[in-house]
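Results of the structural survey
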Amino acid sequence: GSFAVHSVFNSAAAMPANETSGPLSFLSKKSWHPTKLANQEAVWKREQAIKEEARRTEEVRRELEEERRTEELYQAAHDGGHAPKKRRLEWMYVGGPEIKDEEEQGIAAPPQEEETTTTTAPRQERPEVA
């Protein structure tokens, strides 16, 4: 009597917590069980992806807020007459037409100096081999 009860408690104590004997012990071996390491890893990866997405979203929000603030300051300066009207594609044309006008007038580039080479003996032509 008491020997059988004693051996059941000893065997249960020796087993890991998720593999205890009993009528529902098979559940810990199922692929969907939350104590499986693979499932815990998958949950952790999803949580990390959610955190990363939240970080990226916050970064984009901050960038947009900074751009909005900059645009408001520029608009206030423009309205006050302190800044010229901003051209949206101005950065694409920096140095474009101005350089062409200067080239047409001949003032863009200083005259290039002729390359001076040291003269050596004149080259002799090789006779053609037939």
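These numbers come from a predicted model, not from an experiment.

A separate point is the overall build of the chain. The number of helices and strands found in the chain is three helices and zero strands. Starting at the N terminus, the α and β elements of the chain follow one another as α-α-α. Each of the 130 residues in the chain was classed as buried or not, and the buried ones make up 2%. Taken as a whole, the chain presents about 12,800 Å² of accessible surface, with 57% of it coming from carbon and sulfur.

A few words now on the confidence of the model for the chain. On average, residues of the chain score 76 in pLDDT, and 56% of them reach the 70 mark or higher. At the level of individual helices and strands, the chain shows its lowest average pLDDT in helix 1 (residues 2-14), which scores 50, and its highest in helix 2 (residues 37-79), which scores 95.

Here we take up a nonpolar patch on the surface. On the surface, a cluster of nonpolar side chains totalling about 310 Å² of accessible area is made up of Leu89, Met92 and Tyr93. Following the sequence through the fold, Leu89 ends up in the loop between helix 2 and helix 3 (96-105). By relative accessible area, Leu89 is classed as partly exposed at 44%.

In this structure the tally under the stated criterion is eleven salt bridges. Here Glu72 and Arg68 are joined by a salt bridge, their closest N and O atoms 2.4 Å apart. Of this pair, Glu72 and Arg68 both sit in helix 2, separated by four residues, roughly a single helical turn. Ionic contacts of the salt-bridge type, sharing partners, join the residues Glu52, Glu53, Arg55, Arg56 and Glu59 into one network.

Moving on, we get to the side chain of Ser28. Within the secondary structure layout, Ser28 lies in the loop between helix 1 and helix 2. A polar side-chain atom of Ser28 sits 3.1 Å from the main-chain carbonyl oxygen of Ser25.

On to the side chain of His33. Position of His33 among the secondary structure elements: in the loop between helix 1 and helix 2. Excluding its chain neighbours within four sequence positions, the residues that come into contact with His33 are Leu27, Ser28 and Asn39.

Parameters at a glance
- Residues numbered from 1 in each chain as written.
- Predicted model: local features only at pLDDT ≥ 70, side-chain atom pairs only at ≥ 80, totals over all residues.
- Heavy atoms only, no water.
- Helix = DSSP H or I, 4+ residues; strand = E, 2+ residues; numbered from the N terminus.
- Buried < 20%, exposed > 50% of the residue type's maximum accessible area, 1.4 Å probe, protein only.
- Areas by Shrake-Rupley, 256 points an atom, 1.4 Å probe, with all protein chains shown as cover.
- pLDDT = per-residue confidence, 0-100.
- Patch = residues over 30% accessible without salt bridge, like charges linked within 9 Å, V, L, I, M, F, W, Y side chains within 5 Å.
- Salt bridge = Lys/Arg side-chain N within 4 Å of Asp/Glu carboxyl O.
- Polar contact = N/O pair within 3.5 Å; in protein donor to acceptor, adjacent residues only side chain to side chain.
- Contact = heavy atoms within 4.5 Å.

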